[in-house]
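Breakdown of the fold
Chain by chain, the residues:
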Amino acid sequence: MRSLVWFALGIVGGFVAAHFVNKDPRGQELLAQLDSRIGEFTDHMSDAYHQQETRLAEIIDDAKGVAASAVDRATDVVGDAAATAKNAVSSSD
């Protein structure tokens, strides 16, 4: 409970300090620079996230292709084995 009170006081104190800083023209400039840097950071993070998402999508697509190819090969092998077994049974009769 005590931590929650300190957390709330910290938030309120931050808002009060930002309000006083925003009254001064130098403070407004400082806050504008801070906002600009935060915007740049979030843009970089967003770009990095989308690049990683694209890489993972490519890896997943490649894995799907490999799995589909393996299933096709396995189907062909099973079909060939079934045909060979059928011919062996037919020729032995």
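Our structure is the block above this text.
Okay, so let's go over this structure. Just so you know, these numbers come straight off a predicted model, no measurement behind them. (Residues numbered from 1 in each chain as written. Predicted model: local features only at pLDDT ≥ 70, side-chain atom pairs only at ≥ 80, totals over all residues. Heavy atoms only, no water.)

**Let's talk about the pattern of salt bridges**
All told, the structure shown has one salt bridge when counted by the stated rule. Of the charged contacts, one joins D24 and R26 as a salt bridge, the two residues approaching to 3.4 Å between their closest N and O atoms. Of the residues examined, D24 reaches a relative accessible area of 29% and is grouped as partly exposed. (Salt bridge = Lys/Arg side-chain N within 4 Å of Asp/Glu carboxyl O. Buried < 20%, exposed > 50% of the residue type's maximum accessible area, 1.4 Å probe, protein only.)

**As for the environment of N22**
Among the secondary structure elements, N22 is positioned in helix α1 (residues 2-23). Beyond its immediate chain neighbours, meaning those up to four positions away, N22 contacts Q28 and L31. (Helix = DSSP H or I, 4+ residues; strand = E, 2+ residues; numbered from the N terminus. Contact = heavy atoms within 4.5 Å.)

**What about the environment of Q28?**
Summarising the element assignment, Q28 is placed in helix α2 (residues 25-92). Here Q28 falls in the partly exposed class, since its relative accessible area comes to 42%. Note: C-alpha distance between Q28 and A18 (ten residues apart in sequence) is 9.5 Å. Those residues in contact with Q28, other than ones at most four positions away along the chain, are V21 and N22.

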